[in-house]
Amino acid sequence: MRRDRVPRDRTGRDRAGRDRTGRDRTGRRTAPLLAALLALLTGCATGPSLENRGEVTAPPGDSKHLVVGSAGFTESDLLAQMYALLLNKAGYHTKILSVANRELYEPALESGQIDVVPEYAATFADWLNAKKNGADAPPAGSPDLDATMKALRRLAAPRGLTVLDPGKAVDQNAFAVTASYARQHRLKTLSDLGGSGLKVRLAAGDECVQRPYCAPGLKKVYGIDITGVDPKGVGTTQAKRAVQGGQDQMVLTTSTDATLDDFGLVLLKDDKNLQNADYLVPVVNRSRAGSKGVAAALGRLNPVLTTRDLASMNEQVDSWRRLPQDVARTYLEEKGLL
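Below you will find a few notes about this structure. (Residues numbered from 1 in each chain as written. Predicted model: local features only at pLDDT ≥ 70, side-chain atom pairs only at ≥ 80, totals over all residues. Heavy atoms only, no water.)

**Remarks on the overall build of the chain**
At step 1: Helix and strand counts for the chain stand at 13 helices and ten strands.
At step 2: The buried share of the chain, taken over its 338 residues, is 56%.
At step 3: Put simply, 75% of the contacts in the chain that link residues at least 6 apart link residues at least 24 apart.
At step 4: For the chain, the accessible surface area stands at approximately 14,400 Å², while carbon and sulfur atoms represent 50% of it. (Helix = DSSP H or I, 4+ residues; strand = E, 2+ residues; numbered from the N terminus. Buried < 20%, exposed > 50% of the residue type's maximum accessible area, 1.4 Å probe, protein only. Contact = heavy atoms within 4.5 Å. Areas by Shrake-Rupley, 256 points an atom, 1.4 Å probe, with all protein chains shown as cover.)

Written as structure tokens, this is what we have:
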């Protein structure tokens, strides 16, 4: 089962005890890949320095042999598989490299060891911003997608990276209660919960106490009476069971969590847009994969893939034990993209 999927720079969530900036989400043994990638990064120095790649004036590259990166958790694996299949369809030859640590795969993307990765707009904008301006820099991501994309592209370009257009799918923080609790108190939105005056104990990561998009934001934006944070992790089975059993009233999870029905949980709509715009975006190395051909191939997914579709595919891999490559291919074939 997929679990814990919120980046530490927002609320401390991650997918299996590791955040999007770097730790093991799936328990898979990635050490050999990481060691190999480290060797590539330390042994190969091609082109300008990472900080100066934006000064390159050469036209965007169009290599026909591309490496698609995955961050090693279910959703990233699925997206990498779909990217590779779409690029293959467009005449590119691809291979997939799983690197479960952004501190490694992002520099590899800059240097051209990896050519394409699926990313999350607001999270990646904040990560690049912190890398450039320090951990205490004001956030670059926001609930406004247009503003987030402008900030992200501004930060990515000097590093030789091109951020392609986002699609419809978004994976962001979300809050769930039991369906019976929602019916009893007539709750559909977080505003409804705030207006109800109910006291709420929240199952989440321990960072939720301080993160502006978690307990403080719920209190400030929605007026929700958060009486405490139960540190059971984000979207974990333990956290969901605490809400299911009535020990807690609400759980922090994500918008692509496909296991809510298993626990009798439903999401409350973030109707005042507290959460950042973590829409899925492909990020490419400009000098190798910045061509119109790559953008067109990957852009075919944008009007098709939805948050609900992504949640369904996550469920097929995590609960039904299907292989990501099989789920990705079936989806693209059903949508007429292959």
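So, next bit.
**Some words on helix 13 (residues 324-334)**
At step 1: Where helix 13 is concerned, the buried positions are Pro 324, Val 327, Ala 328, Tyr 331 and Leu 332. Axial view of helix 13: buried residues confined to an arc of 125 degrees, hence all on one face.
At step 2: If you follow the buried residues of helix 13, they end up packed against helix 2 (74-89) and helix 12 (307-318).
At step 3: Of the residues trailing helix 13, Gly 336 is marked for its positive phi of about 75 degrees. (Arc of directions from axis to C-beta.)

**Some details on the pattern of salt bridges**
At step 1: Per the counting criterion, the structure on display carries twelve salt bridges.
At step 2: Between Asp 230 and Arg 201 there is a salt bridge, with the nearest N and O atoms lying 3.6 Å from each other. With Asp 230 in strand 7 (residues 225-231) and Arg 201 in strand 6 (residues 199-204), this pair connects stretches of sequence that are 29 residues apart.
At step 3: For Asp 230, a relative accessible area of 5% corresponds to the buried category.
At step 4: Relative accessible area serves as the criterion here: at 30%, Arg 201 is assigned to the partly exposed category.
At step 5: Where Lys 240 meets Asp 257, a salt bridge forms, and the shortest distance between an N and an O atom there is 2.7 Å. Of this pair, Lys 240 sits in helix 9 (residues 237-244) while Asp 257 sits in the loop between strand 8 (250-254) and strand 9 (265-268), and the two are 17 residues apart along the sequence. Asp 257 matches Lys 240 in its accessibility class, with the two residues each being buried.
At step 6: Linked through salt bridges whose partners overlap, the residues forming this network are Glu 106, Glu 110, Lys 131 and Arg 159. (Salt bridge = Lys/Arg side-chain N within 4 Å of Asp/Glu carboxyl O.)

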